[in-house]
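# Structure at a glance
This is what each chain is made of:
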Amino acid sequence: MSSFGPVWVIAEQSECAAEIVSLQLVGKARQLAEQLGVNCESVLLGSNLGGAVRDLLASGADRVYLADDPRLELYQPALYSEIICMLAEKWKPEIILMGSTFMGRELAPLVAARLRTGLAAHCTGLRLDRDNRLEQLIPAYGGLMSIVCPEKRPQMATVARGVFATPARDAQRKGEIVAVPVPEMGEPTVRTLEIVREPVSDGQLEDARVIVSGGAGAGSAEGWEAVRELCRELGAGLACTRPAVDAGWAPLESMIGQSGKMVSPEVYIGVGVSGEQQHMVGVVGAKLMIAVNNDPKSPVFEQVDLGVAEDCREFLPVLASKIRAYRESRKACV
Amino acid sequence: MNVIVCVKAVPDPKEICKIRIDPATKTLLRCDVPLVINPLDKNALEAALLLKEGRGASVTVISMGPPPAETIVKECMALGADRGILLSDRAFGGADAFATAYTLAGAIVKAGEYDLILCGMASSDGATEWVGPQIATFLGIPAVTMVRKFESQEGAAWRVLADWQNGYRRVEVRLPALLTITRDLNRPRALSFSGILKSRKKTIEQWGREFLDLPSEALGAKGSPTIVSEMSTVRNRRDVKMLRGTIEEKADQLVGLLAESGVL
């Protein structure tokens, strides 16, 4: 018998299937569990969860703790954290992983504080060290930090979608389902009344072939308009770095990086971005990386294939007009 | 109504790329990057100041940080906060999110009665989003993270809208509660000259471990479940080809390369 507890993934359901990030985490948890010689297990809360349970088992979970109840249809912080803490205290997992989804980002710290344990945020890598402790990698200041939680258990981490690969499904895989009763709690002090979907205006960044990402170097709202213009010319997805969100030029949903979206376009064009790790780790395996930055010594140029050392405010309008001209000339040929 | 706002002094996000890891010592080279109020904490403060103006709420700002963080507490006073508290003590040093939340929760209890605690949704210096919800857990009060709108602020149960995948979540929360704030909630005001003048008379309370009367093993690095075990300077290196020539020539070359890669 291993002296370690199981590796857990707190899974989520959306539209009758498990969230992709939950399956990606099950894939990672499976690896970690095999190295530790323990079970890979998942906790799934919600309502009408049959499809998601099958997904989790097919993706590598040995056991699913299942609380399937109409009261859990919407994420309810008090009830969800109560159930997870109760299960964790009983089964003593070694590791708990959660997706950096909106639910995970609220629920994980609530659970970690109640379990009096550590929680690493938005990891871009997970591995076991020589002592079988979970090393949690986080980009910071142009490098990587390894976070460990030496004494407290479980070791907890959140991870964004796209950091780990989606594991192959094996529909024949069998696993155990453990039904979890919903505890009776008094009137909750916080209650989700409804979850409202808003129409998505632009295409999903995750699916874009070309992404133009603007940063602080855009300089102003006017400079940002030039970034937008280039995007329109290229038919590219418009993304940004943290400073552009802080400046109010771009919405948070379009932020790429450790605490934003993880993308893998064919072509990435960073304009006025400095190459900060927290942003750059969000671009996974782009075939062609291009950067425009007025500082020839900018760290961004160490991380791309093509560099243009120009002020993007001057360069982008020129580039956009050249692209227009190129398109016109092509049209003339056919 | 008593509102507490937790603020963090962070290295100016505009200059953050100057901070690097020293490859030799694996420690941070801070290069004198100035400290500023964490941008999202300004939205939290703005929400509190609107409650002050709208219903006479009293606004207390609490920050934990090294002595130079006093400047950002002063700035919050100049923006309109009534009371400023700086938690500064060597015993608090090296705290992770858990120990930070524990210390702030201890200070909030010490600061007196409260109805609402507001925090920015995250800090810009790349830490976590955990401090807000963990303060709430230590205080035993409800938390709602990523609040983008107040729908109803009447009575003991407020209705708020919080960010969610492809939309939002409508939440009812009973006060006292902790809310973490996104930049969509409001537009933070700018400093005014009269505000600066008025704040000159206000003093900032400096609280240390003894005053908080918290066990030192629960604070700072000692009270932190997580540690940074290593810092490395690896990055995704690629061999860059810098385009040469005039701005026009560079644009021409880039158009050619984009066409070659099939995206035009």
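Residues numbered from 1 in each chain as written. Chains lettered and ligands numbered in written order. Predicted model: local features only at pLDDT ≥ 70, side-chain atom pairs only at ≥ 80, totals over all residues. Heavy atoms only, no water.

## Observations concerning the pattern of salt bridges
All names here are of chain A.
- A full pass over the atoms with the stated rule returns 38 salt bridges over all chains.
- Taking the shortest distance from any N to any O, the salt bridge between Glu94 and Arg153 comes out at 3.0 Å. Here Glu94 is found in the loop between helix 3 (77-91) and strand 6 (95-99), whereas its partner Arg153 is found in the loop between strand 10 (143-148) and strand 11 (155-159), with 59 residues between them in sequence.
- Residue classification places Glu94 among the buried residues on the basis of a relative accessible area of 9%. (Salt bridge = Lys/Arg side-chain N within 4 Å of Asp/Glu carboxyl O. Helix = DSSP H or I, 4+ residues; strand = E, 2+ residues; numbered from the N terminus. Buried < 20%, exposed > 50% of the residue type's maximum accessible area, 1.4 Å probe, protein only.)

## Considering the packing of helix 4 (residues 102-114) of chain A against helix 4 (residues 131-139) of chain B
- In contact at an axis separation of 8 Å, helix 4 of chain A and helix 4 of chain B are set at 40 degrees when each is read in the N-to-C sense. Taken together, the axis directions place helix 4 of chain A and helix 4 of chain B in an arrangement best described as oblique. Seen from above, helix 4 of chain A lies across helix 4 of chain B with right-handed handedness. Contacts between helix 4 of chain A and helix 4 of chain B involve Pro109, Leu110, Ala112, Ala113 and Arg114 of chain A from the first element and Pro133, Gln134, Thr137 and Phe138 of chain B from the second.
- In the contact of helix 4 of chain A with helix 4 of chain B, the residues fall into 6 nonpolar, 2 polar and 1 charged. (Axes fitted to C-alpha atoms, helices over the stretch in contact; angles between N-to-C directions. Parallel < 35°, antiparallel > 145°, perpendicular 65-115°, else oblique. Left-handed = near helix turned anticlockwise from the far one by under 90°. Contact = heavy atoms within 4.5 Å. Nonpolar A, V, L, I, M, F, W, Y, C, P; charged D, E, K, R; others polar.)

## Considerations on unusual backbone geometry
- For the bond from Arg153 of chain A to Pro154 of chain A, the omega torsion is 0 degrees, close enough to zero to count as cis.
- With respect to the helices and strands, the residue Pro154 of chain A is situated in the loop between strand 10 and strand 11.
- The omega torsion of the bond from Leu175 of chain B to Pro176 of chain B falls at 0 degrees, within 30 degrees of zero and hence cis.
- For His122 of chain A, which is not a glycine, the phi torsion comes out positive at approximately 50 degrees.
- Mapped onto the elements, His122 of chain A comes out in strand 7 (residues 119-123).
- Residue classification places His122 of chain A among the buried positions, given a relative accessible area of 4%.
- Positive phi, normally seen in glycine, also occurs at Met146 of chain B, with a value near 60 degrees.

## Focus: the interface of chain A and chain B
- Each partner contributes residues to the interface: chain A has 87 residues there, and chain B has 73 residues.
- Interface area for chain A against chain B, summed over the two sides, is near 7600 Å², with a carbon-plus-sulfur share of 59%.
- Counting across the chain A and chain B interface gives 10 salt bridges.
- The interface formed by chain A and chain B includes 30 residue pairs in polar contact (both at pLDDT 80 or more).
- In terms of residue count, helix 4 of chain A provides more of the side of chain A that touches chain B than any other element does, 9 residues in total.
- Grouping the amino acids of the side of chain A that touches chain B by side-chain chemistry returns 46 nonpolar, 18 polar and 23 charged. (Buried area = accessible area lost by both parts, 1.4 Å probe. Polar contact = N/O pair within 3.5 Å; in protein donor to acceptor, adjacent residues only side chain to side chain.)

## As for helix 3 (residues 97-111) of chain B
Residues and elements named next belong to chain B.
- With 15 residues, helix 3 should cover 21 Å at 1.5 Å per step; its first-to-last C-alpha distance of 21 Å lies within 8% of that length.
- Across the 15 residues that make up helix 3, a large majority, 12, are buried.
- Its side-chain oxygen 3.1 Å from the backbone nitrogen of Phe98, Asp96 forms the N-cap of helix 3.
- Looking one or two places after helix 3, you find Gly112, whose phi comes out positive at around 115 degrees. (Expected span 1.5 Å × (residues − 1).)

## Some details on the domain arrangement of chain A
Residues and elements named next belong to chain A.
- Segmentation of chain A into domains returns domain 1 (7-179) and domain 2 (205-333).
- At the interface, 14 residues of domain 1 touch 8 residues of domain 2.
- Interface area, domain 1 with domain 2, both sides summed: about 840 Å², of which 61% is carbon and sulfur.
- It is His122, Pro139 and Arg161 that lose the most area in domain 1 upon contact with domain 2, and together they represent 43% of the buried surface on that side.
- At the boundary of domain 1 with domain 2, the tally comes to 0 salt bridges.
- Taken together, the links from domain 1 to domain 2 amount to 2 residue pairs in polar contact (both at pLDDT 80 or more). (Domains from an automatic or database assignment.)

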